[in-house]
Structures are given as structure tokens and as C-alpha cells.
Amino acid sequence: MKPRYQAILASTLLGLMLLPPAHAEERQPEPPIPGQADAQKDITISDISFHLPATQGQERRQPQLYFTLTNTGHTTHLLTDVTSPACSRLIGYHTDQENTPGTYHLFQHLALPETTTLVFANAGYHMLCIGPVAQELAQHSVQVTFQFLGGSSKSVSAPVAPASP
């Protein structure tokens, strides 16, 4: 190695040795949110089903997910997401109202009040399957996972209802 390059290498190494040592910042795990660790134990998911749309002419509609959520506990829980391998993404939707980004993200911050039942059916708020996965929706049922604040989740099997003519 040429003396010039040796000098550059030596000065670089010396400079690195003079830097203060890097310390990993100790981060305490975030404290659990009171009453949220086991939200899935208080939540019952019923009347769940994917409904495949009837194709009319050139119009192509999205499969829809309907369900009922019941919080049997004495703590309000927060739904933070709903996912399924049958859809690239599930978004909120309302049949008879203008749909906004707030509607689309409704199921990412939905409060489930204590001892309350919320119904998400065809004539109101429910979910649209964006980017449907045909192989999954061709099955008799698909998995749907509901995630809650605090990290817990609950997966249920949703029957697939074929399109009605």
C-alpha cells in the first residue's frame, strides 16, 4: 500500500477512535393500556359474512363484509384494524351516505362501548373488500381478523355468500 493511502487510513482510524462511544438507548416497553390487554375476551363477533356482488353490465362492485360486534365487558375497547387474506384491504363504507376518508378509516379507530352491540349491515356502515383475492373468496369461508388497542386480536371464519342473481 502506498504511504499516502496508509496515512489516510491511519488518520481515519485515529479519528474514529476519538469519537465518543455509541450507547444504545434503553427504552422501557410501553406500559400496557389499562383494561385493553385482553380486549378480545370481551368482544363477540357474530352474524359475519362476505357477500359477493352481482355483476350488472360493465359495473364491477366490491365484495362486502357484514358483522355484529358485542362488547360484553365493562370497559370501552377500541378496534384498530380488520384484515382478511381475501382482500388486499378492507375499508369502511356506508350504503346511503357520502363516503369520505373518515368513513374509509372508520374501522381503524372504532370505539366499542362497554356492554353494547354494534351492527354493521347492508343498509348502513359495513366494510368493502378492496383488491379481492378470487382464490380466497371461492372458498366456503375466509378468515377475518379484528385487532384491538393493546395488541390483542380475534380471528373468526366468515362464510362467503354467493352473488344473488
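Now for a description of the structure that goes with this document.

## Section: the state of the cysteines
Under the criterion given, the structure shown has 1 disulfide. Each sulfur in the disulfide pair Cys87 and Cys129 lies 2.0 Å from the other. Taking the sign of the S-S torsion, about -115° here, the bridge from Cys87 to Cys129 comes out left-handed. Of the two residues, Cys87 sits in strand E4 (residues 87-94) while Cys129 sits in strand E7 (residues 125-132), which places them 42 residues apart along the sequence. Judged by its relative accessible area of 8%, Cys87 is buried.

## A few points about the nonpolar core
Phe50, Leu65 and Phe146 are the most contacted members of the largest nonpolar core, which totals 28 residues. Of all the elements in the fold, those that place two or more residues in this core are strand E1 (43-51), strand E2 (64-71), strand E3 (77-83), E4, strand E5 (110-112), E7, strand E8 (141-148) and strand E9 (153-161). When sequence neighbours within four positions are dropped, the list of residues in contact with Phe146 reads Ile45, Ile48, Phe67, Leu69, Leu79, Asp81, Val82, Ser152, Ser153, Lys154 and Val156.

## Re the environment of Tyr93
Among the secondary structure elements, Tyr93 is positioned in strand E4. Here the alpha-carbon distance between Tyr93 and Asn122, two residues 29 residues apart in the chain, equals 9.7 Å. Setting aside residues no more than four positions away along its own chain, Tyr93 makes contact with Asn99, Thr103, Gly124, Tyr125, His126 and Leu128.

## Topic: the side chain of His94
Within the secondary structure, His94 sits in strand E4. In this structure His94 comes out as buried when scored by relative accessible area, which is 8%. A distance of 3.0 Å separates a polar side-chain atom of His94 from the backbone nitrogen of Asp96.

## What to know about the packing of aromatic side chains
Using the criterion set out here, one finds 4 aromatic pairs in the structure. Aromatic pair Phe67 and Phe120: ring centres 5.1 Å apart, planes at 40°, arrangement tilted. Residue Phe67 is found in strand E2, and its partner Phe120 is found in strand E6 (residues 116-120); the two are separated by 53 residues along the sequence. Using a relative accessible area of 1% as the deciding quantity, one classes Phe67 as buried. The class for Phe120 is buried, based on a relative accessible area of 7%.

## A word on unusual backbone geometry
One non-glycine residue with positive phi stands out, namely Asp47, at about 50°. Within the element layout of this structure, Asp47 appears in strand E1. Even without a glycine there, the phi angle at Thr115 is positive, about 45°. In this structure, Thr115 sits in the loop between E5 and E6.

Cut-offs and rules
- Throughout, a residue's number is its position along its own chain's written sequence, starting from 1.
- This being a predicted model, a pLDDT of at least 70 is required before a residue's local features are given, and a value of 80 or more before pairs of side-chain atoms are given or counted; all residues contribute to the totals for chains, interfaces and linings.
- The side-chain numbers reported here are obtained from all heavy atoms of the structure, hydrogens and water having been left aside.
- Count a disulfide wherever a pair of cysteine sulfur atoms falls within 2.5 Å.
- A run of H or I in DSSP counts as a helix once it spans at least four residues, and a run of E counts as a strand once it spans at least two, with each numbered from the N terminus.
- Each residue's exposure class comes from its accessible area (1.4 Å probe, protein chains only) as a fraction of the maximum for that residue type: buried when under 20%, exposed when over 50%, partly exposed otherwise.
- The set of buried Ala, Val, Leu, Ile, Met, Phe, Trp, Tyr and Cys residues whose side-chain atoms join them within 4.5 Å is what this entry labels a nonpolar core.
- A contact between two residues is defined here by any heavy atoms of the two lying within 4.5 Å.
- Polar contacts here mean pairs of N or O atoms no more than 3.5 Å apart (in protein, one a potential hydrogen donor and the other a potential acceptor; neighbouring residues in sequence count only if both atoms are side-chain atoms).
- Only Phe, Tyr and Trp rings take part, Trp by its six-membered ring, and two of them pair if their centres are within 6.5 Å. Stacked means planes under 30 degrees apart, edge-to-face means over 60, and tilted covers everything else.

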